[in-house]
Amino acid sequence: MDDSKQTSSPEGSVDPSLVSEDGKNVKAVLCQRCGSKVLCPGMALFAEKELFLPSMRKKTSIGQSDGTLDGDTLASHWLVDDMYTFENVGFTKDVGNVKYLICADCEIGPIGWHCLDDKKSFYVALDRVNHE
């Protein structure tokens, strides 16, 4: 799962109006549920990496599992290299060596993924956020 390629050029089904020529987000990244700003324009790089994210739900139920998780394997993400770049994001408790990113205002998520082994990679799934 972590072996997937990363790229800074938009490919596939990604809306080209979201990615600048240098691979950065053109529009602000917002929570789908409450509209809170997660990232300002130009603060993240487009990256393709297949990551599994559990289904969207309230924070209290993300870390609790009965051994199986519903979710999606998503490939299109915004990559941020510093957690302080975010305008508004929260983190779940550790789930193995992963922390999931959630909206800090309404606590919906996960909207993204962070592996504790890599301190400089925070991924926000394009399919889990809005752009404005």
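The name an unreviewed UniProt entry assigns to the protein is Guanine nucleotide exchange factor MSS4, from the organism Carassius auratus. On record in UniProt, under Subunit (unreviewed entry), the comment for the protein is "Interacts with RAB8A."

S.K.: Could you clarify how one ought to interpret the packing of aromatic side chains in this entry?
M.R.: The geometry of an aromatic ring pair is captured by the separation of the ring centres together with the interplanar angle, meaning the angle of the planes. Under the criterion given, the structure shown has four aromatic pairs. Between the aromatic rings of F46 and W78, the centroid separation amounts to 6.2 Å while the plane-to-plane angle is 80°, which identifies the pairing as edge-to-face. Highlighted residues: F46 in strand β3 (residues 45-54) and W78 in strand β5 (residues 71-80), separated in sequence by 32 residues. Among the aromatic residues, those joined into a cluster by ring pairs are F86, F91 and F122.

S.K.: Just to check I follow, could you spell out the environment of G112 for this structure?
M.R.: Residue position: G112 is located in strand β9 (residues 112-115). Look at G112 and you get buried, because its relative accessible area is 0%. For the pair G112 and D127, spaced 15 residues apart in sequence, the C-alpha to C-alpha distance is 10.0 Å. Setting aside anything within four residues of it in sequence, one finds G112 in contact with L53, Y100, L101, Y123, V124 and A125.

S.K.: What should I look at first to understand the confidence of the model for the protein in this one?
M.R.: Detail in the predicted coordinates should be disregarded across regions flagged by low pLDDT. In this model, the protein carries a mean pLDDT of 87, and residues with pLDDT of at least 70 account for 81%. Across residues 1-11, where pLDDT falls below 50, the model places 24 contacts with residues more than four positions away in sequence or in other chains.

S.K.: Looking at this structure, I do not really get the pairing of strand β7 (residues 98-102). What am I missing?
M.R.: The side chains of a regular strand alternate, first on one face of the sheet and then on the other. Burial of β7 is extensive: four of the five residues sit out of reach of the surface. The pairing of strand β6 (residues 90-91) with β7 spans two bridges and is antiparallel. Its bridge partner lying in β7, F91 is registered against L101. Connecting the antiparallel pair β6 and β7 is a turn made up of six residues, with G96 showing a positive phi of about 70°. Both β7 and β9 contribute to a ladder of four bridges, which runs antiparallel. Bridged to V98 within β9 is C115.

Conventions we followed
- Residues numbered from 1 in each chain as written.
- Predicted model: local features only at pLDDT ≥ 70, side-chain atom pairs only at ≥ 80, totals over all residues.
- Heavy atoms only, no water.
- UniProt positions renumbered as here; feature names shortened; annotations may be inferred.
- Phe/Tyr/Trp six-rings, centres within 6.5 Å; stacked < 30°, edge-to-face > 60°.
- Helix = DSSP H or I, 4+ residues; strand = E, 2+ residues; numbered from the N terminus.
- Buried < 20%, exposed > 50% of the residue type's maximum accessible area, 1.4 Å probe, protein only.
- Contact = heavy atoms within 4.5 Å.
- pLDDT = per-residue confidence, 0-100.
- Pairing = 2+ DSSP bridges.

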